Amino acid sequence: MDIAEFNEFIVADPFANSDDWHAALHSYRLIVMRRLLCLSSLLFVCTTAWSAQLVSVTPLTDRILVVHVDEGYVIHHGKGQKRSDEKVVIAPLDVVLASKPEQYKVASAGETFQPVSIARKSKGTDFAWFVDSWVDGRAVNTRPDHTKEHWLYLHLPKPLREGQTYTVSTPTGAADLTYRSTSSRSEAVHVNLLGYVPAAPKKFAYVYHWMGDGGSLDLKSYAGKAFSLVDQTTKRSVYSGQLKFRKGATNPETFHVTDTPNANFNGADVYECDFSAFNKPGKYVVSVEGIGCSFPFRLDSDIYREAFQTTARGLYHNRSGIELKLPFTSFARPAPHNPKLTPNFAGKLQYTTSRSIDWVNEDHSADDKASIEKGMKGPLDVWGWYQDAGDWDSYSSHMRVPTELMFAFEMAPANFRDNELNIPESGNGIPDLLDEAAWLPRFGHRLRQELVKKGWGSGGIGLRVCGDHFGGDGEGVPSYLDVNRTWIVSGEDPVSTFRYAGTAAHLAHCLKLIGKADPQGVDWLKEARESYTWAVANTKSGDEAKVKAHRFYAAAALLRMTREETYRAQCEKDSAAIKADSFVWEGDLYGPAILALSGLAKPEVRAAILATADDACATGEKRAMRWGGIFSFPMLVGHQTTPWMLETAVAYTLTKSTAPAKAEGYLAALYTTCDYFLGTNSLNMTWVTGLGPRHPQQLFHMDAWYNGTGKMHPGMIPYGPWRKTKDVGQGPWDSDWPNPTLYPGIDKWPGNERWFENRCAPLNGEFTVHQNTGPAAALFGFLCGTGKP
């Protein structure tokens with residue numbers, strides 16, 4: 001979906017707060033919503049049925065308490081409803097009153113005192129998708145269209161005492177807390193919420209927090225204090241160390257200095273707790289003297305299994321063309337966009353000879369419609385691509401999913417097994433990872449055979465499948481009811497066909513590794529050969545730059561399987577420009593990686609892979625929480641939510657037996673990068689729906705909006721925080737729409753905190769299978785252990 005399409009489409013929803021309490025609160029809200037809807041379909045604002053809620057009072061340190069307040073919620077439209085049916089239930093917090101120290105009392109053991117000062121941060125966290133009017137091209141609403149959450153930081157005149165119970169009275173209610181640094185969770189203590197591998201070379205917790213207009217939490221007086229790992233079974237300390245300074249709030253963490261204040265994503269001074277030397281399996285918290293403790297986490301050799309299974313099943317939940325049903329999932333859904341199964345979709349999927357690589361806009365543009373219509377041949381009976389969050393269509397770039405899953409498999413085949421993902425193919429004798437990796441190549445196979453059978457194709461495929469040129473999908477319409485417009489499959493092109501050839505040969509190799517034939521009888525090597533031959537013959541003038549990386553991948557995969565000179569010569573040609581210090585990121589990595597992993601790469605190609613991984617790891621060392629990647633990548637499409645480190649996994653595999661010390665550095669970077677995306681980030685959350693004690697609650701995912709459960713499908717990773725492009729957004733669907741809801745202003749907010757759970761905005765809340773879910777599933781799978789069934 002491009003921005004123009006977003007602005008035509010228009011949507012809205014909530015910011016399910018990033019706190020762990022939110023899952024329970026969200027369930028409560030759903031009950032309230034249903035009751036209110038039964039009482040009155042006309043309700044749109046209510047200030048009596050809901051009052052600003054005191055969510056929690058927790059210690060940030062022994063000198064600062066955090067009061068968390070929620071103003072309300074949005075009743076979002078459902079299946080068959082209009083977006084204008086959204087309703088807001090709100091009781092705004094009086095922030096002037098709430099910011100006065102005299103409005104608070106802290107009482108304990110016969111003494112009462114007030115905070116000496118209060119800091120605050122606030123942001124919109126639930127957004128409705130309606131527009132009352134337009135002024136100068138911008139949506140203007142006369143009724144409340146969002147709710148906020150507030151965090152108030154009470155600076156105390158004296159420290160809390162260990163073991164002492166306090167009653168804290170606030171303008172929105174009172175709460176009791178007993179302060180113990182070993183059991184009182186502090187938002188300032190950040191860990192990987194799932195846990196750590198005992199043998200991981202580096203294991204860190206981090207201590208930091210940004211307090212809005214209070215700036216960075218000042219931890220200077222805590223430096224050198226003790227931290228400990230507290231066993232959650234025995235409640236005893238099993239390891240201790242000292243809190244040490246890591247990096248400051250102005251430490252540059254990105255090349256893009258305008259993406260986040262001071263080019264720093266955290267806005268806070270960061271301290272660390274290093275427990276790398278501890279390796280005893282168990283369940284622990286990190287406790288810091290005078291501060292508090294972390295979420296509980298585990299040390300376990302297979303700690304990444306849950307993350308892998310959740311994200312891999314996220315791919316299953318986004319398969320098109322099949323019904324989702326029990327026993328494979330409780331998120332039931334009829335088959336979408338399958339001419340043979342989807343009611344009223346027969347004849348709606350049309351083939352056009354128009355190549356998507358020639359279009360003005362690969363998403364959709366009116367300028368392309370004439371060539372598409374001119375090339376129309378007739379209906380196809382194919383199905384089985386992947387859906388994204390709201391597009392429901394296919395791109396050639398989706399082939400990144402099977403490619404990276406198969407790299408994970410060939411580098412660590414012992415990590416994966418049959419029957420672990422509960423997908424329809426489970427039990428067929430093939431590891432479930434490979435079954436998921438085969439999903440998209442099987443669509444390519446069906447499409448290629450159908451085009452040849454109907455005489456419309458000569459051996460290639462086009463992987464752009466969409467309905468965008470022929471109308472919108474409609475309000476309140478899930479994917480399986482999107483049957484009122486024409487859908488197209490784009491014409492054969494060499495990019496799609498080389499990508500298919502590469503995955504086909506890659507799949508043949510993975511099946512060969514385990515000594516298995518394809519369960520459905522497909523000869524993948526034959527498919528790869530024929531597709532590659534077609535793509536070479538049908539690469540037109542002007543296509544070279546578009547096809548080069550994909551041709552290299554296909555040629556390398558075929559060379560590995562056949563050792564034939566034709567493929568060797570092409571690999572030599574396509575790698576000629578690669579020097580020892582070249583970088584081979586993402587799609588440029590695939591061909592070189594296959595050659596290097598199979599021992600067929602010239603020294604310069606292998607060195608380039610290591611140079612790329614070295615650069616990714618160096619980026620991690622520049623950042624406080626040690627997450628690696630491309631330092632110059634801007635804050636968008638998953639930069640703050642998705643671990644993109646395949647090159648480092650390849651480098652580790654290449655060096656683990658020949659240069660173990662170097663390999664250990666790569667492995668450490670893989671773990672610390674995943675730590676960031678699984679909990680050590682500013683929001684103390686995993687970025688995967690349904691994973692861990694705190695995770696995203698609301699995404700731009702229309703099938704999830706209309707699934708009747710009130711929950712997002714598990715395993716999805718949103719684009720997340722997005723760089724600011726303007727002060728005020730055009731409407732709820734605009735990623736900048738929440739900006740005016742922020743206190744302090746947007747330009748003060750660190751990049752990693754700019755998550756609003758505004759499901760209306762695709763640039764924040766959408767995801768794609770190839771940019772987010774697939775790469776994460778591959779990396780988490782690569783890091784799984786081998787010892788558990």
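Use the structure listed above.
These lines cover the structure that appears in this document, whether it is placed above or below. Quick caveat, the model's predicted, so the values are computed rather than measured. Along every chain, residues carry numbers that run from 1 in the direction the sequence is written. With pLDDT at 70 or above as the cut-off, local features in this predicted model cover only qualifying residues; side-chain atom pairs require 80 or more to be listed or tallied, and sums for whole chains, interfaces and linings still use all residues. Hydrogens and waters are ignored; side-chain quantities use all the structure's heavy atoms.

### Re the sheet that holds strand β6 (residues 111-113)
If DSSP finds at least two bridges between two strands, the strands pair. Helix and strand definitions follow DSSP, with helices as H or I runs of at least four residues and strands as E runs of at least two, each counted in order from the N terminus. Pairing is antiparallel across the open sheet formed by four strands, whose spatial order is β6-β5-β11-β12. Unpaired on one side and paired on the other, β6 and β12 (173-178) mark the two borders of the sheet. On average, each strand axis in the sheet is inclined to that of its neighbour by 20°, with strand direction left out of account. The pairing of strand β11 (residues 165-170) with β12 spans six bridges and is classified as antiparallel. Looking at β12, one finds that tyrosine 166 is bridged to leucine 177. Working convention: axes come from line fits to C-alpha atoms, limited for helices to the stretch in contact. Angles between N-to-C directions cover 0 to 180 degrees.

### Looking at the pairing of strand β7 (residues 117-127)
Judged by how many residues are buried, β7 sits mostly within the fold: 10 of 11 residues are covered. In this sheet, strand β10 (residues 146-155) lies alongside β7 in antiparallel orientation, the contact comprising 10 bridges. Directly across from isoleucine 118, in β10, lies its bridge partner leucine 154. The classification of residues rests on relative accessible area computed with a 1.4 Å probe and restricted to protein chains. Under 20% of the type maximum is buried, over 50% is exposed, and intermediate values are partly exposed.

### Regarding the environment of glycine 137
Tracing the chain through its elements places glycine 137 in the loop between β8 (133-135) and β9 (138-140). Separated by 593 residues in the primary sequence, glycine 137 and glutamine 730 have C-alpha atoms spaced 7.0 Å apart.

### Details of the sheet that holds strand β18 (residues 244-247)
Pairing is antiparallel across the open sheet formed by four strands, whose spatial order is β13-β15-β19-β18. The sheet is open, and its two borders are formed by β13 (189-190) and β18, each paired with just one other strand. Here β18 pairs with strand β19 (residues 270-274) via three bridges, running antiparallel. Paired with lysine 247 across the strands is valine 270, a residue of β19.

### Section: the packing of aromatic side chains
Only centres within 6.5 Å qualify two rings of Phe, Tyr or Trp (six-membered ring in Trp) as a pair; their planes then separate them into stacked at under 30 degrees, edge-to-face at over 60, and tilted for everything else. Inspection of every chain in the model, using the stated rule, returns 35 aromatic pairs. On the basis of an interplanar angle of 80° and a centroid distance of 5.1 Å, the ring pair of tyrosine 196 and phenylalanine 275 is categorised as edge-to-face. One end of the pair, tyrosine 196, is in strand β14 (residues 195-196); the other, phenylalanine 275, is in the loop between β19 and β20 (282-288), with 79 residues separating them in the sequence. Take tyrosine 196 and phenylalanine 275: they sit in the same class, and that class is buried. Ring centres of tyrosine 676 and phenylalanine 677 lie 5.2 Å apart, and the angle between their planes is 85°; this geometry places the pair in the edge-to-face category. Of the two residues, tyrosine 676 and phenylalanine 677, neither departs from the other in class, the shared state being buried. Linked through ring pairs, Tyr196, Phe227, Tyr239, Phe275, Phe278, Tyr284 and Phe297 together constitute an aromatic cluster. Lysine and arginine charges are scored as sitting over a ring when NZ or CZ, respectively, is within 6 Å of the ring centre and within 35 degrees of the ring normal. One Lys or Arg, arginine 446, reaches over the ring of tryptophan 383 and ends 3.8 Å from the middle of that ring. One residue, arginine 464, lies across the ring of tyrosine 395, its end atom 3.9 Å from the ring centre.

### A short note on the pairing of β20
Within β20, five of the seven residues are buried, which leaves it mostly tucked inside the rest of the structure. Of the pairings in the sheet, the one linking strand β16 (residues 226-231) to β20 comprises five bridges and is antiparallel in character. Bridge assignment links serine 228 to a residue of β20, and that residue is serine 287. Summarising the sheet, β20 and strand β22 (residues 297-299) pair through three bridges and their orientation is antiparallel. Bridge pairing in β22 links lysine 283 to arginine 298. Turn length for the β20-strand β21 (residues 292-293) hairpin, with the two strands adjacent in sequence and antiparallel, is three residues, and the turn residue glycine 290 shows positive phi of about 80°.

### Examining unusual backbone geometry
Leucine 326 connects to proline 327 through a cis peptide bond whose omega is 5°. Although it is not a glycine, asparagine 344 adopts a positive phi angle of roughly 70°. With respect to the helices and strands, the residue asparagine 344 is situated in the loop between α4 (305-316) and β23 (349-352). The backbone phi angle of asparagine 422 is positive, close to 50°, even though this residue is not glycine. One can find asparagine 422 in the loop between α6 (400-411) and α7 (432-437). The class of asparagine 422 is partly exposed, set by a relative accessible area of 33%.

### Points about the packing of helix α9 (residues 494-513) against helix α11 (residues 544-562)
Packing of α9 against α11 leaves a shortest axis separation of 8 Å and a crossing angle of 25°. As the angle between them shows, α9 and α11 are arranged roughly parallel. Note that α9 runs across α11; the crossing there is left-handed. Judged by residue contacts, Pro494, Val495, Phe498, Arg499, Ala501, Gly502, Thr503, Ala505, His506, Ala508, His509 and Lys512 of α9 engage Lys546, Val547, His550, Arg551, Tyr553, Ala554, Ala557, Leu558, Arg560 and Met561 from α11. Residue composition of the contact of α9 with α11, by class: 12 nonpolar, five polar and five charged. The cut-offs work like this: below 35 degrees is roughly parallel, past 145 is roughly antiparallel, 65 to 115 is roughly perpendicular, and the gaps in between are oblique. In a left-handed crossing the near helix is turned counterclockwise from the far helix by less than a right angle, and in a right-handed crossing that turn is clockwise. Contact between two residues is taken to exist if any of their heavy atoms lie within 4.5 Å; hydrogens are not considered. Residue type decides the class: Asp, Glu, Lys and Arg count as charged, Ala, Val, Leu, Ile, Met, Phe, Trp, Tyr, Cys and Pro as nonpolar, and the leftover types, Gly among them, as polar.

### Some thoughts on helix α8 (residues 439-454)
Since there are 3.6 residues in each turn of an α-helix, residues three or four apart along the chain are aligned in direction. The span one expects for a helix is its residue count, reduced by one, times 1.5 Å. Between the first and last C-alpha of α8 there are 23 Å, a value that for 16 residues agrees with the 22 Å anticipated at 1.5 Å per step. Those residues of α8 that fall on the buried side of the exposure criterion are Trp439, Leu440, Pro441, Arg442, Phe443, Gly444, Leu447, Arg448, Glu450 and Leu451. Directly beyond the C-terminal end of α8, a positive phi value near 80° is found at glycine 455.

### Some points on the pattern of salt bridges
Definition used for salt bridges: Asp or Glu carboxyl oxygen within 4 Å of a side-chain nitrogen of Lys or Arg. Tallied over the entire structure, the rule returns 41 salt bridges. Of the charged contacts, one joins arginine 319 and glutamate 425 as a salt bridge, the two residues approaching to 3.0 Å between their closest N and O atoms. With arginine 319 in the loop between α4 and β23 and glutamate 425 in the loop between α6 and α7, this pair connects stretches of sequence that are 106 residues apart. Of the two residues, arginine 319 and glutamate 425, neither departs from the other in class, the shared state being buried. Residue lysine 526 pairs with glutamate 530 through a salt bridge whose shortest N-O separation is 2.8 Å.

### So, the nonpolar core
Take the buried Ala, Val, Leu, Ile, Met, Phe, Trp, Tyr and Cys residues and link them wherever side-chain atoms come within 4.5 Å; each set so joined is a nonpolar core. Counting residues in each nonpolar core, the largest one holds 158 residues, and the members touching the most others are Tyr304, Phe780 and Phe782. In this structure, Leu217, Leu243, Phe295 and Leu299 belong to the second largest nonpolar core, which totals 31 residues.

### Here we look at the packing of helix α14 (residues 603-622) against helix α16 (residues 660-680)
As a packed pair, α14 and α16 sit with axes 10 Å apart at the nearest point and diverge in direction by 50°. Comparing their axes, α16 and α14 come out oblique. Seen from above, α14 lies across α16 with left-handed handedness. Listed contacts from α16 to Leu610, Ala613, Asp614 and Cys617 of α14 are Lys662, Tyr666 and Ala669. Classifying every residue of the contact of α14 with α16 by side-chain character gives five nonpolar, no polar and two charged.

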